[in-house]
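Here is what each chain is made of, one letter per residue.
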There are 2 protein chains.
Amino acid sequence: MEPECGLALSARKVEYIKFIFETGGTVRTTMIATAFSVDPSTITKTLAELAAGGYIRHVPYHGVCLTETGERHAEFLIKRHRILSLMLVRNGLLPEEACREASQFESLVSKKAVDRICHFMGHPRQGICGEITHDNDCLEREEGASS
Amino acid sequence: MEPECGLALSARKVEYIKFIFETGGTVRTTMIATAFSVDPSTITKTLAELAAGGYIRHVPYHGVCLTETGERHAEFLIKRHRILSLMLVRNGLLPEEACREASQFESLVSKKAVDRICHFMGHPRQGICGEITHDNDCLEREEGASS
DNA sequence: TACAAGATTTGGATAGACCCCAAAAAATGG
DNA sequence: CCATTTTTTGGGGTCTATCCAAATCTTGTA
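These figures come from a predicted structure and were not determined experimentally. (Residues numbered from 1 in each chain as written. Chains lettered and ligands numbered in written order. Predicted model: local features only at pLDDT ≥ 70, side-chain atom pairs only at ≥ 80, totals over all residues. Heavy atoms only, no water.)

1. Considerations on the nonpolar core
Link 1 in the chain: In this structure, A:I17, A:I32, A:I56, B:I17, B:I32 and B:I56 are the most contacted members of the largest nonpolar core, which totals 72 residues.
Link 2 in the chain: Contacts of B:I17, omitting those with residues within four sequence positions, involve B:L9, B:L50, B:Y55, B:I56, B:L66, B:G70, B:A74 and B:L77. (Core = buried A, V, L, I, M, F, W, Y, C linked by side-chain atoms within 4.5 Å. Buried < 20%, exposed > 50% of the residue type's maximum accessible area, 1.4 Å probe, protein only. Contact = heavy atoms within 4.5 Å.)

Listed below in structure tokens is the structure:
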């Protein structure tokens, strides 16, 4: 089993997945297009790629919703954003700055790095733009896992 | 005067500028091509863009060297890399990991953020992959500058 | 229920960043 | 002064992200 580095999605796709997750349920193309000020046709195309990747289920003309995989991944994406934002705040940035900066580069930070930072910070529950949740995956390294 | 956010160069160009700076003096196309395992023609093209941006002086068939601007910028790029790597180490990553992760996303971190982190860490001199130098630009915020 | 209006998708294009290959051009050491 | 090496040119490619216009699907409603 490959380590799952968490770098499979481009920055844009990460934003879309997080948006769909946070909106919840079935999300319509226009909703995403409006939220990101992008042409609906662009969204349709990107959605097709996300569907091909198994992250979402897309019913043409009706909207998309996350698959089981997509949901699990979305949780990671959001946690990554919050952990990184929190780290930045704890290292001198203002909350809004931290959130903004993290959004810019988070898609390039590996899961392993996020887990280490999360561990180092003591698995904080309170992020600066929402609560942080911790699954086994992130806690299991605690009890002497391999890597 | 615009704030100079430090996001003008792509990740690849950042690597090239840092490499040229660290190599010092006049650097030849092949040297860069070899260092990054990329076709020389690709380097020539990217070099043309960096020259157009005023970062380097390119004498065809002879090599490139940084301009005054390029040198100043290179110093920032290297400092950014070291500050971010150091922050990651201080937040739980192993040195090599930190360096590798920082290289991936550093091009997307603003100068302002770097300055804040640098300030927060107390303007450290010892990075994990080299010494960190601090210019006025980064220290002046200390004595109550505007932003 | 048929249709107009609105939402969505298709198809066609563009743009930027990177990259490669083959061939031309320049530099250089004998 | 020429063969070898280095570099540049010219021509393609891929990928991601976007836009526009035209087709297509849904739906509320008359």
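2. Quick word on the relation of the copies chain A and chain B
Link 1 in the chain: Relative to chain B, chain A is turned by 180 degrees and slid 0.0 Å along the rotation axis, the superposed coordinates differing by an RMSD of 0.0 Å. This pairing of chains is accounted for by a two-fold axis. Considering only C-alpha atoms, the part of chain A nearest the rotation axis is A:F105, at 2.8 Å.
Link 2 in the chain: Most of the interface of chain A is mirrored in chain B, where 100% of its interface residues are also at the interface. (Least-squares fit on C-alpha atoms with pLDDT ≥ 70 in both.)

3. Description of the protein's contact with DNA strand C
Link 1 in the chain: Close to DNA strand C lie 23 residues, the nearest being A:T30, A:T44, A:K45, A:H58 and B:S10.
Link 2 in the chain: A breakdown of the atoms of DNA strand C within 4 Å of the protein gives sugar and phosphate a share of 67%.
Link 3 in the chain: A:T44 places a polar side-chain atom, nitrogen or oxygen, 2.6 Å from a phosphate oxygen of DNA strand C.
Link 4 in the chain: Put simply, the parts of the chain that give the surface near DNA strand C at least two residues each are α2 (29–36) and α3 (40–52) of chain A together with α1 (11–23) and α3 (40–52) of chain B.
Link 5 in the chain: The residue makeup of the surface near DNA strand C, split by class, is 7 nonpolar, 10 polar and 6 charged. (Near = heavy atom within 4 Å. Polar contact = N/O pair within 3.5 Å; in protein donor to acceptor, adjacent residues only side chain to side chain. Helix = DSSP H or I, 4+ residues; strand = E, 2+ residues; numbered from the N terminus. Nonpolar A, V, L, I, M, F, W, Y, C, P; charged D, E, K, R; others polar.)

4. Considering the pattern of salt bridges
Once the charged atoms of two side chains with opposite charge are near each other, the side chains can pair.
Link 1 in the chain: Going through the model one piece at a time under the given rule, you end up with 14 salt bridges over all chains.
Link 2 in the chain: Between A:D115 and A:K111 there is a salt bridge, with the nearest N and O atoms lying 3.1 Å from each other. With a gap of 4 residues between them, A:D115 and A:K111 both fall in helix α6 (residues 111–120), about one helical turn apart. A:K111 matches A:D115 in its accessibility class, with the two residues each being buried.
Link 3 in the chain: For B:R125, the salt bridge goes to B:E131, with nearest N and O atoms at 3.8 Å. (Salt bridge = Lys/Arg side-chain N within 4 Å of Asp/Glu carboxyl O.)

5. Section: the pairing of strand β1 (residues 56–59) of chain B
Remark: a regular strand shows side chains that alternate across the two faces of the sheet.
Residue and element names in this part refer to chain B.
Link 1 in the chain: In this sheet, strand β2 (residues 63–66) lies alongside β1 in antiparallel orientation, the contact comprising 4 bridges. Note that in β2 the partner of I56 across the bridge is L66.
Link 2 in the chain: Between β1 and β2, which pair antiparallel and follow one another directly, the connecting turn spans 3 residues, one of which, Y61, has a positive phi of 70 degrees. (Pairing = 2+ DSSP bridges.)

6. A look at helix α1 (residues 11–23) of chain A
All names here are of chain A.
Link 1 in the chain: Taking 1.5 Å as the rise per residue, α1 with 13 residues should run 18 Å; its terminal C-alpha atoms sit 18 Å apart, in good agreement.
Link 2 in the chain: By the burial criterion, the buried members of α1 are K13, V14, Y16, I17, K18, F19 and I20.
Link 3 in the chain: Where α1 is buried, its residues meet α2, α3, β1 (56–59), β2 (63–66) and α4 (68–89). (Expected span 1.5 Å × (residues − 1).)

7. Brief notes about the interface of chain A and chain B
Link 1 in the chain: Contacts between chain A and chain B engage 19 residues on the former and 19 residues on the latter.
Link 2 in the chain: Across the chain A/chain B interface, buried area totals approximately 1800 Å², and carbon plus sulfur atoms make up 61% of it.
Link 3 in the chain: Contact with chain B buries surface across chain A, with A:N91, A:L108 and A:R116 losing the most and accounting together for 30% of the total.
Link 4 in the chain: In this structure, the connection of chain A to chain B is made through 2 salt bridges.
Link 5 in the chain: For B:R116, the salt bridge is made with A:E97, and the minimal N-O distance between the two is 2.6 Å.
Link 6 in the chain: Between chain A and chain B we count 4 residue pairs in polar contact (both at pLDDT 80 or more) in total.
Link 7 in the chain: Looking at the side of chain A that touches chain B, the elements with two or more residues in it are α4, α5 (95–105) and α6 of chain A.
Link 8 in the chain: For the side of chain A that touches chain B, the leading source of residues is α6(A), giving 5 residues.
Link 9 in the chain: Within the side of chain A that touches chain B, the residues separate by chemical class into 10 nonpolar, 4 polar and 5 charged. (Buried area = accessible area lost by both parts, 1.4 Å probe.)

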